Amino acid sequence: MIASHLLAYFFTELNHDQAQKIDKYLYDMRLSEETLQEVSQRFGKEMEKGLGADTNPTASVKMLPTFVRSTPDGTEDGDFLALDLGGTNFRVLRVKVSDNGLQKVEMENQIYAIPEELMRGSGVQLFDHIAECLANFMDKLNIKDKKLPLGFTFSFPCHQTKLDESILVTWTKGFKCSSVEGKDVVSMLRKSIKKRGDFDIDIVAVVNDTVGTMMTCGYDDHNCEVGLIVGTGTNACYMEEMRHIDLVEGDEGRMCINMEWGAFGDDGVLKDIRTEFDHEIDMGSLNPGKQLFEKMISGMYMGELVRLILVKMAKEGLLFGGRLTPDLLTTGHFETRYISAIEKEKEGLQKAHEILSKLGLEPSHEDCVATLRICQIVSTRSANLCGATLAAVLRRIKDNKGVERLRSTVGVDGSVYKKHPHFARRLHKTVRKLLPDCEIRFVRSEDGSGKGAAMVTAVAYRLAAQHQARQKILEALKLSHEQLLEVKQRMRMEMEKGLGKETHAEAAVKMLPTYVCSTPDGTEKGDFLALDLGGTNFRVLLVRVRNGMRRGVEMHNKIYSIPVEIMQGTGEELFDHIVHCISDFLEYMGMKGVSLPLGFTFSFPCQQTSLDEGILLKWTKGFKATGCEGEDVVNLLKEAIHRREEFDLDVVAVVNDTVGTMMTCGYEDPYCEVGLIVGTGSNACYMEEMRNVELVEGEEGRMCINMEWGAFGDNGCLDDIRTEFDLAVDELSLNPGKQRFEKMISGMYLGEIVRNILIDFTKRGLLFRGRISERLKTRGIFETKFLSQIESDCLALLQVRSILQHLGLESTCDDSIIVKEVCAVVARRAAQLCGAGMAAVVDKIRENRSLDFLKVTVGVDGTLYKLHPHFSTVMHETVKRLSPKCEVTFLQSEDGSGKGAALITAVACRIREAGQR
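Owing to the predicted nature of the structure, the values given are computational and were not obtained by experimental measurement.

Peer 1: Whenever I open this one, helix α21 (residues 724–731) confuses me. Can you help?
Peer 2: Here α21 has its buried residues at Phe-725, Asp-726, Val-729 and Asp-730. In an axial view of α21, the angular spread of the buried residues amounts to 135°, which keeps them on one side of the axis. Structurally, α21 contributes buried residues whose contacts are with α15 (451–475), α22 (740–745), α23 (747–763) and α26 (813–848).

Below, the structure written as C-alpha cells:
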C-alpha cells in the first residue's frame, strides 16, 4: 500500500518538475493578466481605426458593415430558404419559423457536392450548378410554385454595399472560378435562376457565417449582440451604433459589424508577443504576413504550433532522447484534434503516448507529461488571446450603451470552442477577469451558417412588413401641398364668417375686435403700469418707455401668487387681492400716490366693446370667482381701487396676450402687423381694415382682430384631415368638440397624439415587442417637452432611450428610432397646419390692400415655437410655399403679456394726446 502511494507521489513530483521545465522553456507563450489587458486595449484602438472613414483604408481589422440592422425579437414568422456555400460542399435548407406564442423553428436540408472542375471553371457554370441544385431541392419539397425569400451564406471575403449585394474580393479555400472577383454574387445567382425560368425566389440577404451565428442565438436569447467563431479559422461580429460607422450613411440605430479580426496584428501591433514559433508558422503558410492573430489562436494552426515546439525541443535533446522521426518532421502531422484528446482529464497521458507512438516515437512518461503541458500552454494562450479581444468588443458595447453593468450574450460556434475540453471555460474566465463589471452569457450556436442565414432573412422580412404597416398608419398624418392649400382656403372662409355681421353668431373662428387701432411708431414715451393675469400667478410691472436717442423699454416687475380660495371665492375678494398686490408693488418701487396709465392683460375669453372695456364671457384655467362672468373686468378693477382709497389709476386698455405679442414686436419692427402664439395653446391676431370689421362702427383705418383661431374646425370643416388619434385626444379632453385646430397644433396636445399612436403601434405588435406598459396607458405622461428633446438633432438614440426609460418604457434601439419618427411626423403636421393658417392671414392682409407683393413681420411667442428644434423651420417653409406673394419675417417676442400691455397703453395715450392737441 505504502509502496503504491510512494510511487504515485514520485510520479506527481516528476510530472510537476517536468511541467515546470516546459513552463520555463515556453515562458513567452504564457501571458500575464497585464499583457492581456494591453492586448485588449490595443484591439480596441484597432476597432476604432477600422470604423473611421480616414483610417479604414490602412486599418488591419477591417470592421466591415453587414447591413444587418436588427437582431431577432421572437416575433419572426414565415417560410424561408437558405443557401450555405463555404467549402467543397454546399447546402440548401428550408427553414420554417413560427411565432404564435411558441417560438419554433423547423428545418429540412440537403447537401450537394461541388465537383473539382466547377471550383476552377467559370463563375457562370458555378452559379448555374447552384441554381440547378436549388431547383432539385424545391422539386423534392413541392415548393417550386412559391416565391420564397432566401438568405445566402457566402463565406468568402466580400465587400457589402447593401443587405442583398455582396462583391467578392478574393476567392479562398481552393475556389478559383473565373470572372467572379469584383462582381456581385447575388446578381450572378439571380441571372442563373432567371435563365432557367422554372422557379422564382426573392434573395433578401447575403450573410457571413459569423453574423449567422449571432442571429441564430439571437432568436432564443434577445440579449445576444455578439457572434464568435473559433474553429479552423476565427472571426467575430457585434452590433455597433450607426453613429460610429463612418462607412455607411446615417446615424440612426445599429448595424452588425463583421470584424474580420483574424487580421489583427498584420500591421505589427502584436510583434512583442509573437514568439519564434508564430514566426515559423507564418513563414510556412500560404499567406505569409496575413491573418497573424488567427495563426496564434485558430484550429488550423494550433496543432502545427505544438509540432514545431516538439521538433525544436527534440533537436535540443530535451525530448524523446533527442530523436526525430520523418512523421514528426512533416508539416500538418500533429493535428489540432490531438490537442483536445491529450488534454482530456483522465486518459490524456495515455492518448499522448498513443499519438506520439503513431508518429514513430518511443515516448517516455516524461515525454508524455511534457507534451501534455505544451498542449495546455498553446491552447490556453489561444483562449486567453481570444478572451482579450472579445473583452474589447464587449467593453465597446458597454460604453456605447452608457450603462454601469452590461448584460449581454455571445453566440459561439466552431470546432475548437465546442470540442476542446477546456477552451470554453478558459475563454469565459479571461473575459470575466478583464471585465469584472459585466454579466456575459455564452450560448452555443446550432447551425449558424444555415439557420442563421434564414434568420437574417426572417428579421429583414419582419422589419420590412412592420415598416410598411407603420407607414400606412402614419400616412394619415402626412399632409400634401394640396391638402394644406385647402386648409388655408377654409381658414380664409371662416375668417370672413367671423368678421361678417350676419354670420358672426354661428362662426367658429370668432374674429373678436380688440379696439387696438395702431401699432407703435417709436414716438411713444412715459411710465406705464401693466397687470398680467392669466393663471395661478399674477404679475405687476412698471414699464418705462423712452423715445429719441435713448429709445428703449426698461421694465421692473414682481410676481404674486393667487391662493386657490381667492380663485374660487367672490369677485370682490379676487379684485381686492389684485389691488392689494398693486399697492405693494407701488410701495416697493417708491411710487405711492402717482397716477399712472395702466394696461391689463387678461387672458380669459372676453368680449370687448371698447379698448378699456372687456366683458368676461366665462372663467377658464381653474378660476371660479363669483359675480364676474358677464361683467366688465375694468369696472370690477376700478371699483376695487376706489374701495381701497389709496391711489388712483387710469385703466387705458384690456389686452389679450396675442395682441401683446404683436405690439412688443411692433415696437422693434414697424412692419409687424401679425401676432402668433404657439405654446400650450395657440392663437393669432392681425391688423384688419376697419371697413371689413362689420361688428364695429366706422370705415376708416385699421383695428387689430383677435382671431381665437384655436376653434377653427369646431364646425366640422377639418373633419377630413382629423385622424383617429385626433378624435381620441379630443374625446378625453376637458372640452370635447371644442378648440379642434388647437388640439392638432399646440403643445398641450401633441404629446397625447404621440402617446395614442404609440399605443396603436404596440397593440399591432409594431413597437415595444407588442407589450403595453401601464405607464404608456397613463394620460399626459408624454409631455410635449419630450418631443422637443427627442427630436433635437444632437441627441443620440441613447438619450431617446433614457427618456423612454424615464417613462417606464423598456425600448430597443429600433423602438427608439420609431418613437423619434412618430414625434417628427406629429410635430411636422402641427407646424404645417399652423403655417397654413398663417398663410391665410398674410394673404388676406395683402388682398385687403390690393398689393401684388406684401412685406410683413409676424411677432411670435410660445414654448413650442421657441423650444422645438424643427417647428419654426417647417412653419416658415409652409408659409413661403402657400403664400408666394408675401415676404414674411418672423420675430420672436419677449414678454408680450407684460411689455405688450404697456405698449398698447403707450400707443393709446399717444393717440389720445394727439387728439386733445
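Peer 1: Please clarify how the pattern of salt bridges should be interpreted in this entry.
Peer 2: Where charged atoms from two side chains of opposite charge come close, those side chains can pair. For the structure shown, the criterion picks out 73 salt bridges. The shortest N-O distance in the salt bridge between Arg-407 and Glu-439 comes to 3.9 Å. One end of the pair, Arg-407, is in strand β12 (residues 406–413); the other, Glu-439, is in strand β13 (residues 438–444), with 32 residues separating them in the sequence. Residue Arg-407 is classed as exposed on the basis of its relative accessible area, which comes to 55%. By relative accessible area, which is 39% here, Glu-439 ends up partly exposed. Residue Arg-846 is joined to Glu-847 by a salt bridge in which the shortest nitrogen-to-oxygen separation is 3.9 Å. A relative accessible area of 41% places Glu-847 in the partly exposed class. One network of salt bridges, with partners in common, ties together Lys-488, Arg-492, Glu-496, Asp-843, Arg-846 and Glu-847.

Peer 1: I tried to follow unusual backbone geometry on my own but got confused; where do I start?
Peer 2: With the exception of glycine, the majority of residues adopt a negative phi angle, and the majority of peptide bonds are in the trans configuration. In this model, Glu-708 sits at a positive phi of 50°, which is unusual for a non-glycine residue. Take Glu-708: it is sitting in the loop between β24 (702–706) and α21. Phi at Gln-739 is positive, roughly 55°, even though this residue is not glycine. In this fold, Gln-739 is placed in the loop between α21 and α22.

Peer 1: Looking at this structure, how should I read the side chain of Arg-539?
Peer 2: Turning to its location among the elements, Arg-539 is positioned in strand β16 (residues 537–546). With relative accessibility at 15%, the residue Arg-539 sits in the buried group. With sequence-adjacent residues up to four places away left out, Arg-539 is seen in contact with Ala-530, Leu-531, Asp-532, Asn-557, Lys-558, Ile-559, Asp-895, Ser-897 and Gly-898.

The rules behind each value
Residues numbered from 1 in each chain as written. Predicted model: local features only at pLDDT ≥ 70, side-chain atom pairs only at ≥ 80, totals over all residues. Heavy atoms only, no water. Buried < 20%, exposed > 50% of the residue type's maximum accessible area, 1.4 Å probe, protein only. Helix = DSSP H or I, 4+ residues; strand = E, 2+ residues; numbered from the N terminus. Arc of directions from axis to C-beta. Contact = heavy atoms within 4.5 Å. Salt bridge = Lys/Arg side-chain N within 4 Å of Asp/Glu carboxyl O.

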